[in-house]
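One letter stands for each residue in the lines below.
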Amino acid sequence: CLAGSETPFGPATCVTKVELRVSCKALLDRDTLNKSDPCVILMVQTNGQWTELDRTEVIKSNLHPVFAKVFSLDYYFEEVQKLRFEVYDIHGTHSIGTRDDDFLGGVECTLGQLRFTTEGSRPTCCLSCSTQIVAQKKMVKPLLLKYGKYAGKSTITVHAEEISGNNGYVELSFCAKKLDDKDLFSKSDPFLEIYRINDDETEQLVHRTEVIKNNLNPVWEPFKVSLISLCSCDEDRKLKCLVWDYDSRGKHDFIGEFFATFREMQKISSGNKVTWDCVNPKYKQKKRNYKNSGVVILNDLKLHRVYSFLDYIMGGCQIHFTVAIDFTASNGDPRNSCSLHYINPYQPNEYLKALIAVGEICQDYDSDKRFSALGFGARIPPNYEVSHDFAINFNPEDDECEGIQGVVEAYQNCLPKIQLYGPTNVAPIITRIAKLAAGDGNIKDASRYHILLILTDGVVTDMADTREAIVRASYQPLSIIIVGVGNADFTDMQILDGDDGVLRSPKGEPVLRDIVQFVPFRDFKTASPAALAKCVLAEVPKQVVEYYSHKAISPIVDPAFLPGCAN
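For the protein chain, the name recorded in an unreviewed UniProt entry is Copine VII, with Anabas testudineus as its organism. Listed under Sequence similarities (unreviewed entry) in UniProt, the entry text for the protein chain is "Belongs to the copine family."

The following block contains the structure:
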């Protein structure tokens, strides 16, 4: 959801992306012949334990490094997310040594401390738009050694950018021609840096290319950068680009610079050649006939739109919700108060609690509010043959019910008319819904996606067929949620979830997408319905985006590619 928004998923889970960029000043010099070779490691605290999330590149022989690596994190408004930045002097390889003199200092903070432009402010957005919200914050803190001792005058600076609605990235490919030769016995080893000029005239490093050895006509590897990072969603924002001759001691020789904008870069899409003179201002001032120190050429620009779950929903995608209920004998006689299907006039049973909690959220995404309701594992009238795929309203021509209340009523009405039996076979219903989804999947737009909620009290007995059915279904616009009701051993059900490894068919074919979420209801017996729904539906937005992204299908109504900017 968008941070601060009231969505059908509720305000409890407000997630936004935060990008962190790091630089340091006046680091301790631990090397004898050269300067320290610093690297910053980002640690996050989970359940009281610190674990490494990511690390920057190593910058050789530099006590004032500006790192090109961008740390990307999910920000959760309702959580305290503790971070620790540790700076090390790396010797030889990108591994951290065990000696104390490798440690140049560290600092702890929370992500919330980095997040807001104004203390106590919070981002806002309405669901009627696809607005990006970007807040910038700079934190400067002294680095500390062990026991709280200051690491000299060393400081670390962390720039935080909050991105709500990750609306795309650009892939750029640069080369250069006839660069100045800065070396005496060989040719220059050029690399390119791109800086964004912020509103306050400060410069923010966006990207640093690799070094091309001994080459005055380098072709740098293509790289990707988010549009927010590159130009803050402003096509005319000035970008400062510097070309250097690499020196292993950190004393890089300046070759030249040029200024560009994202609007200029996009001219390449109309077939125009986009080049810039790489100019050394000192040479230009001193040399009368000086033209440039080479030219830099944009070889290619690819603009990629990254759609969110809300983009598809607001674009008109409908979620069709189907519930499948386990009516096997292991649930117990519904007339007995110990049965999982017992209808208590004072409080709903576990089947109804799970159905209502999940269904009331899914119904907000379905315009007609009609839901398919199926059953399996029972003998049904009129012949009382076992069925693993029947409409609980006993209308095979129209298995839909009016709203969640209609499903509840159909469930309660069918219980006296059926005989609970078995076994617990769910593959037939998965196959049925997958075929329906396949029909919708043949429509080349993002108009319809299916969610199948399976409520069961026991371990699936047709596991091989179920695995095969899920692998087939992973190619369709479908997500499967399995809620385990009762106190059975659901260990084998974790296999279907795929969180502990890729689910495969009996023949070894992997799923295209992870589409199954399994949740034991007993973990939420004392929790609110919202807590259950939050856990059960947590992976659905990602699964929707993954399906349509794999199919390269845009929302029916495509929001503006760059909000606030001309395309």
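A. Structural view of the overall build of the protein chain. Per the secondary structure count, the protein chain includes 12 helices and 26 strands. For the protein chain, the residues scored as buried account for 51% of the 567 residues in total. In the protein chain, the proportion of contacts linking residues at least 24 apart, taken out of those at least 6 apart, comes to 72%. Here the protein chain displays about 26600 Å² of accessible surface, and carbon together with sulfur accounts for 50% of that area.

B. Molecular detail of helix 7 (residues 403-414). In this model, helix 7 (12 residues) spans 17 Å end to end at C-alpha, consistent with the 16 Å of a helix rising 1.5 Å per residue. By the burial criterion, the buried members of helix 7 are Gly-403, Ile-404, Gly-406, Val-407, Val-408, Ala-410, Tyr-411 and Cys-414. Contact partners of the buried residues in helix 7: strand 17 (318-326), helix 6 (350-362), strand 18 (370-376) and strand 22 (400-402).

C. Examining the pairing of strand 17 more closely. Burial runs high along strand 17: 8 of the 9 residues are buried. With 8 bridges joining them, strand 17 and strand 24 (residues 448-456) adopt parallel strand pairing. Looking at strand 24, one finds that Gln-318 is bridged to Arg-448. At this point the chain moves from strand 17, through helix 6, to the parallel strand 18, and the crossover so formed is right-handed.

D. Spotlight on the pairing of strand 10 (residues 190-197). Counting buried positions along strand 10 gives 8 out of 8 residues, so the element sits mostly inside the fold. Both faces of strand 10 are covered, namely the face carrying Pro-190, Leu-192, Ile-194 and Arg-196 and the face carrying Phe-191, Glu-193, Tyr-195 and Ile-197. Here strand 10 pairs with strand 13 (residues 239-245) via 7 bridges, running antiparallel. Its bridge partner being in strand 13, Glu-193 is matched across the sheet by Leu-242. As paired strands, strand 10 and strand 11 (residues 203-208) are joined by 5 bridges and run antiparallel to one another. Across the sheet, Tyr-195 pairs through a bridge with Leu-205, a residue of strand 11. The antiparallel pairing of strand 10 with strand 11 creates a hairpin that spans 5 residues between the two strands, and Glu-201 there sits at a positive phi of about 70°.

E. Structural context of unusual backbone geometry. A cis geometry characterises the amide bond from Pro-381 onward to Pro-382, with omega recorded as 10°. With an omega of -5°, the peptide bond between Gly-422 and Pro-423 qualifies as cis. With a phi close to 55°, Tyr-384 is a non-glycine residue in the positive phi region. Here Tyr-384 lies in the loop between strand 19 (378-380) and strand 20 (385-387). For Tyr-384, a relative accessible area of 35% puts it in the partly exposed group.

F. Region of interest: the pattern of salt bridges. Scanning the model with the defined rule gives 19 salt bridges in all. In this structure, Glu-108 engages Arg-84 in a salt bridge whose closest nitrogen and oxygen atoms are separated by 3.6 Å. One end of the pair, Glu-108, is in strand 6 (residues 103-110); the other, Arg-84, is in strand 5 (residues 82-89), with 24 residues separating them in the sequence. With a closest N to O distance of 2.9 Å, Arg-335 and Asp-333 form a salt bridge. Judged by relative accessible area, Arg-335 falls into the exposed class, the value being 73%. Overall, Asp-333 belongs to the partly exposed group, its relative accessible area being 37%.

G. Seen up close, helix 6. With 13 residues, helix 6 should reach 18 Å at 1.5 Å per residue; the first-to-last C-alpha distance of 18 Å fits that figure. Among the 13 residues of helix 6, 10 are classified as buried, and the element is accordingly described as predominantly covered. Buried within helix 6 are the following residues: Glu-350, Tyr-351, Leu-352, Ala-354, Leu-355, Ala-357, Val-358, Gly-359, Ile-361 and Cys-362. For helix 6, the elements touching its buried residues are strand 17, helix 7, strand 24, strand 25 (478-484) and helix 11 (529-536). Of the residues that open helix 6, the one with a side-chain oxygen 3.0 Å from the backbone nitrogen of Tyr-351 is Asn-349.

H. Seen up close, the confidence of the model for the protein chain. Summary statistics for the protein chain give a mean pLDDT of 84 and a share of 87% for residues scoring 70 or more. For the stretch residues 1-14, pLDDT sits under 50, and the model shows 45 contacts to residues farther than four places along the chain or on other chains. Predicted confidence for residues 559-567 stays below pLDDT 50, and this span has 24 contacts to residues more than four positions away or in other chains.

I. Expanded view of the packing of helix 6 against helix 11. Close contact between helix 6 and helix 11 brings their axes to 9 Å; oriented N to C, the two are set at 65°. One way to sum up the angle between helix 6 and helix 11 is to call them roughly perpendicular. As helix 6 packs across helix 11, the resulting crossing turns out to be right-handed. In this structure, helix 6 uses Ala-354, Ala-357, Val-358 and Ile-361 to contact helix 11, whose residues at the interface are Pro-529, Leu-532, Ala-533 and Val-536. Its residues placed into classes, the contact of helix 6 with helix 11 shows 8 nonpolar, no polar and no charged.

Rules used throughout
Residues numbered from 1 in each chain as written. Predicted model: local features only at pLDDT ≥ 70, side-chain atom pairs only at ≥ 80, totals over all residues. Heavy atoms only, no water. UniProt positions renumbered as here; feature names shortened; annotations may be inferred. Helix = DSSP H or I, 4+ residues; strand = E, 2+ residues; numbered from the N terminus. Buried < 20%, exposed > 50% of the residue type's maximum accessible area, 1.4 Å probe, protein only. Contact = heavy atoms within 4.5 Å. Areas by Shrake-Rupley, 256 points an atom, 1.4 Å probe, with all protein chains shown as cover. Expected span 1.5 Å × (residues − 1). Pairing = 2+ DSSP bridges. Right-handed = clockwise from strand over helix to strand, strands pointing away. Salt bridge = Lys/Arg side-chain N within 4 Å of Asp/Glu carboxyl O. Polar contact = N/O pair within 3.5 Å; in protein donor to acceptor, adjacent residues only side chain to side chain. pLDDT = per-residue confidence, 0-100. Axes fitted to C-alpha atoms, helices over the stretch in contact; angles between N-to-C directions. Parallel < 35°, antiparallel > 145°, perpendicular 65-115°, else oblique. Left-handed = near helix turned anticlockwise from the far one by under 90°. Nonpolar A, V, L, I, M, F, W, Y, C, P; charged D, E, K, R; others polar.

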